[in-house]
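# What the coordinates show
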Amino acid sequence: MNALWITVALLVAGFAGWPVTALVFRLAKTIDDKADAAKAAEEAGGTADDPSADVTVDPPPPGRGQNVDDELTAVASAPPSAGPGSGPAAPTQRILRGGAIIGVLERLGVCLAILTGQPVAIAYIVAIKGLGRFAELKETPVAAERFIIGTLASMLWAAGTAAAVKVIFLA
């Protein structure tokens, strides 16, 4: 019976964590958008003094956002002499490729570490993930923020799932 609960915990932690992490990303984006809109309104001096003002942000026009195929992208830097409208649009560079697969493996590893009583293994998981992404995180602050949010949401989901199964069903 323990094998069944361990399997259920791994499946829930590994695969049900993706929608949870995606929800946390959406929540973080909403909070950032509202903060950006409030800052822009404050700088404009318009409705910043009105506490009842509705702060909303229009979504970016199609093809100009940061997500392409659910991956974070960044516009490649243009040469310094290039002015607006000079030449074709700059290509985009994909950032944090493979994040979904890495997230599933991370959640499985965290859940398994807690279920086997080896929480120190979580430090190894975080270290491997951080070292593997170091170059991308160093160059792109947006990627670093996304990495931290995703890692924390993912690990909390996996740890919570493992702890709940361990306390309720494996005690």
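What you see as residue numbers is a count from 1 along each chain, following the sequence as written. Whole-chain, interface and lining totals are the exception, using all residues; otherwise, since this is a predicted model, local features are given only for residues with pLDDT of at least 70 and side-chain atom pairs are given and counted only at 80 or more. For side-chain calculations, the full set of non-hydrogen atoms in the structure is used, while hydrogens and water are omitted.

Next up on the list: the packing of helix α2 (residues 17-44) against helix α5 (residues 141-168). Geometry of a packed helix pair, given as the angle between the helix axes and the separation of the axes. Here α2 crosses α5 at 140°, and the two axes come no closer than 9 Å. One element, α2, and the other, α5, form an angle in the oblique class. Judged by the twist between their axes, the crossing of α2 over α5 is right-handed. Note on element contacts: α5 touches α2 through E145, R146, I149, G150, A153, S154 and W157, opposite G17, V20, T21, V24, F25, A28 and D32. Split into classes, the residues belonging to the contact of α2 with α5 amount to 7 nonpolar, 4 polar and 3 charged. A fitted line through C-alpha atoms represents every axis, and for helices the fit uses only the stretch in contact; the resulting angles, taken between N-to-C directions, go from 0 to 180 degrees. Working definition: helices are DSSP H or I runs of at least four residues, strands are E runs of at least two. Numbering for both runs from the N terminus. Should an angle lie under 35 degrees it is considered roughly parallel, over 145 roughly antiparallel, and from 65 to 115 roughly perpendicular; all remaining angles are considered oblique. Each crossing gets its hand from how the near helix is turned against the far one by less than a right angle, where anticlockwise is left-handed and clockwise is right-handed. A contact between two residues is defined here by any heavy atoms of the two lying within 4.5 Å. For this classification, Asp, Glu, Lys and Arg are treated as charged, while Ala, Val, Leu, Ile, Met, Phe, Trp, Tyr, Cys and Pro are nonpolar and the rest, including Gly, are polar.

So, about the confidence of the model for the protein chain. Scored between 0 and 100, pLDDT is the confidence that the predictor attaches to each residue. Taken residue by residue, the protein chain gives an average pLDDT of 80. The fraction at 70 or more is 70%. Every residue in residues 51-57 is under pLDDT 50, and counting partners more than four places away or in other chains gives 7 contacts.

Another point: the packing of aromatic side chains. Aromatic pairing here means that ring centres of Phe, Tyr or Trp (its six-membered ring) are within 6.5 Å. Orientation follows from the plane angle: under 30 degrees is stacked, over 60 is edge-to-face, and everything else is tilted. The full count for this structure, using the stated rule, is 1 aromatic pair. Geometrically, the ring pair formed by W5 and F169 is stacked, given 3.8 Å between the ring centres and 10° between the ring planes. Placement of W5 in helix α1 (residues 2-15) and of F169 in the segment after α5 is noted, with a sequence separation of 164 residues between them. Per-residue accessibility, obtained with a 1.4 Å probe over protein chains only, is compared with the maximum for each type, and a residue is labelled buried under 20%, exposed over 50%, and partly exposed between these values. A residue is classified by how much of its surface remains accessible, and W5, at 21% relative accessible area, is partly exposed. For a Lys NZ or an Arg CZ to count as sitting over a ring, it must be within 6 Å of the ring centre and within 35 degrees of the ring normal. Above the ring of F25, the side-chain terminus of R146 is found at 4.2 Å from the ring centroid.

The next subject is the packing of helix α3 (residues 99-115) against helix α4 (residues 121-139). It is at 9 Å that the axes of α3 and α4 come closest, and there the two elements cross at 165°. The orientation of α3 relative to α4 falls into the category roughly antiparallel. The element α3 and its partner α4 pack so that their crossing is right-handed. Residues G99, I102, E106, G109, V110, A113 and I114 of α3 lie in contact with α4, whose contacting residues are A121, I122, I125, K129 and R133. A breakdown of the residues in the contact of α3 with α4 according to their chemical character gives 7 nonpolar, 2 polar and 3 charged.

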